[in-house]
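Summary of structural features
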Amino acid sequence: MRIGLIGGSGLYEIEGLEITNEVSISTPYGNPSSVYKIGTIDDKEIVFLPRHGTPHTIPPHKINYRANIWGFKSLDVDRIISVSAVGGINKDFFPGHIVLLDQIIDMTYGARESTFYDKESVIHIDFTDPYCPEMRDFIIKASHNIKLPVKPSGTYICVNGPRLETAKEIQFFSMIGADVVGMTAMPEASLARELEMCICGISVVTNYAAGISDKKLTATEVVETMKNSINNIKSLVKEVIKH
Ligand code: HPA
């Protein structure tokens, strides 16, 4: 079993990861966001890819999700941990909270290439549970082991970006059951499912979504909150990989 880790904004490396190999892959769908770093933490292997490239230059709508997921598959990864920054819509989800995602609402459109089945043969994958329930349970246990409070479930609504949302959009997203909003979960999760990989989503709430608090959202707030939470995420990932 090989585990892949997709790092989102703020997660560009993992301390303690001893890199044994860096692999540059070109795929039938173009190039992934960066080289894949293969390494070990406590003798356990992990394949790491920063979603937005190195340095962070690829915006959410320009990420080559197909190449990224294909690259993991070609490296024999069968489980992916996907880390991302999100805005909190649900009033119980505060900046700094870590959410183990269980559902997705996809509001992306347009330019994102979102399937490997765009040729003659189409397979309509089951996507009832977009994230792997077993992996989520496993991560919940890992969070207990290290005494890290997490939100054990949450619905991620994926917007196209790169602009942030209007207050009314967020109000609408809240009404249809979204807890957090971000720009990268789709089509990443469905592409992983198309290639029969198990994926789980760990999100850090970096800010209140538009209109949820009176304060205007700034990019600095997102970066600062992520910085503060990143050590928790790293500890959680390490605990998951150890077992
Ligand atoms: N909206 C969309 N994406 C995000 C946000 C947000 O408020 N925060 C972090 N990623």
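How each quantity is defined
Residues numbered from 1 in each chain as written. Predicted model: local features only at pLDDT ≥ 70, side-chain atom pairs only at ≥ 80, totals over all residues. Heavy atoms only, no water. Helix = DSSP H or I, 4+ residues; strand = E, 2+ residues; numbered from the N terminus. Rg over C-alpha atoms; globule rule 2.2 N^0.38 Å. Buried < 20%, exposed > 50% of the residue type's maximum accessible area, 1.4 Å probe, protein only. Contact = heavy atoms within 4.5 Å. Lys, Arg positive; Asp, Glu negative; His and termini not counted. Charge placed at Lys NZ, Arg CZ, Asp CG, Glu CD. Near = heavy atom within 4 Å. Polar contact = N/O pair within 3.5 Å; in protein donor to acceptor, adjacent residues only side chain to side chain. Areas by Shrake-Rupley, 256 points an atom, 1.4 Å probe, with all protein chains shown as cover. 1 Å grid on protein atoms, 1.4 Å probe; cavity = no way out; pocket = protein on both sides within 12 Å on 5 of 7 lines; lining within 4 Å. Sits in = over half its atoms within 2 Å of the grid points. Nonpolar A, V, L, I, M, F, W, Y, C, P; charged D, E, K, R; others polar. Salt bridge = Lys/Arg side-chain N within 4 Å of Asp/Glu carboxyl O. Core = buried A, V, L, I, M, F, W, Y, C linked by side-chain atoms within 4.5 Å. Points joined across faces, edges and corners; volume = space filled by probe spheres on them. Phe/Tyr/Trp six-rings, centres within 6.5 Å; stacked < 30°, edge-to-face > 60°.

Below, the discussion takes up the overall build of the protein. When helices and strands are tallied, the protein shows 5 helices and 10 strands. On C-alpha atoms alone, the protein measures out to a radius of gyration of 17 Å, which is about the 18 Å that the 2.2 N^0.38 rule sets for 243 residues. Referenced to the eigenvectors of the C-alpha coordinate spread, the extents of the protein come out at roughly 45 × 45 × 35 Å. The 243 residues of the protein split such that 50% are buried. Counting contacts in the protein only where the partners sit at least 6 residues apart, residues at least 24 apart contribute 80% of the total. Between the averaged position of the 24 positive side-chain charges in the protein and that of its 29 negative side-chain charges there is a distance of 4 Å.

With that settled, consider helix α1 (residues 65-74). By the criterion of burial, α1 is predominantly enclosed, with 7 of the 10 residues buried. What α1 keeps buried is the set Tyr 65, Arg 66, Ala 67, Asn 68, Ile 69, Gly 71 and Phe 72. Here the buried face of α1 lies against β1 (3-7), β3 (36-41), β4 (44-50), β5 (79-88) and α4 (188-194). Of the residues trailing α1, Asp 76 is marked for its positive phi of about 65 degrees.

On to the site of the ligand, then. The full set of residues close to the ligand is Ala 85, Val 86, Gly 87, Leu 164, Glu 165, Val 181, Gly 182, Met 183, Thr 206, Asn 207 and Leu 217. Measuring from a nitrogen atom of the ligand, one finds a backbone N or O atom of Ala 85 at 3.4 Å. Contact between the ligand and Asn 207: a nitrogen atom at 2.7 Å from a side-chain N or O atom of the residue. Bound to the protein, the ligand loses 92% of the 260 Å² it would expose on its own. At a threshold of 2 Å from the grid points, most atoms of the ligand map onto the largest pocket. Only β5, β9 (180-182) and β10 (198-208) provide two or more residues apiece to the shell around the ligand. Element by element, the count of residues in the shell around the ligand is highest for β5, at 3 residues. Looking at the shell around the ligand residue by residue, the class counts come to 6 nonpolar, 4 polar and 1 charged.

This brings us to the side chain of Glu 221. Looking at where Glu 221 falls in the secondary structure, it is placed in helix α5 (residues 219-242). Here Glu 221 sits buried without a salt bridge, and the closest side chain of opposite charge, Lys 215, lies 4.6 Å off (N-O distance). Sequence-distant contacts of Glu 221, defined by excluding residues within four places in its chain, comprise Thr 206, Asn 207, Tyr 208 and Lys 216.

Counting residues in hydrophobic clusters, the biggest one holds 34 residues, and the most contacted among them are Ile 69, Phe 72, Ile 80, Val 180 and Met 197. Ignoring anything within four residues of it in the chain, the contact list for Ile 69 reads Ile 6, Ile 80, Phe 116, Glu 188, Leu 191, Ala 192, Leu 195 and Met 197.

Inspection of the entire model under this criterion finds 8 salt bridges. Arg 66 is paired through a salt bridge with Glu 113; the nearest N and O atoms lie 3.8 Å apart. Of this pair, Arg 66 sits in helix α1 while Glu 113 sits in the loop between β7 (103-106) and α2 (133-145); the two residues are 47 residues apart in sequence, bridging distant segments of the chain. For Arg 66, a relative accessible area of 9% corresponds to the buried category. Because the salt bridges share partners, they merge into one network encompassing Arg 66, Glu 113, Asp 118 and Lys 119.

Another aspect to go through is the layout of surface pockets. Each pocket or cavity is described by its volume, and for the largest pocket that value is around 500 Å³. Looking at the largest pocket, it is lined by 27 residues, and the ones nearest its centre are Ser 9, Ala 85, Leu 164, Met 183 and Val 222. At the level of elements, β5, β9, β10 and α5 are the ones that each hand at least two residues to the lining of the largest pocket. Ranked by residues supplied to the lining of the largest pocket, first place goes to β5 with 4 residues. Per-class residue counts for the lining of the largest pocket are 14 nonpolar, 11 polar and 2 charged.

A complete count under the given rule lists 6 aromatic pairs for this structure. Look at Trp 70 and Phe 116: their rings are 5.8 Å apart centre to centre, the planes differ by 50 degrees, and that puts the pair in the tilted class. In this pair, Trp 70 sits in helix α1 while Phe 116 sits in the loop between β7 and α2, placing the two residues 46 residues apart along the sequence. Using a relative accessible area of 9% as the deciding quantity, one classes Phe 116 as buried.

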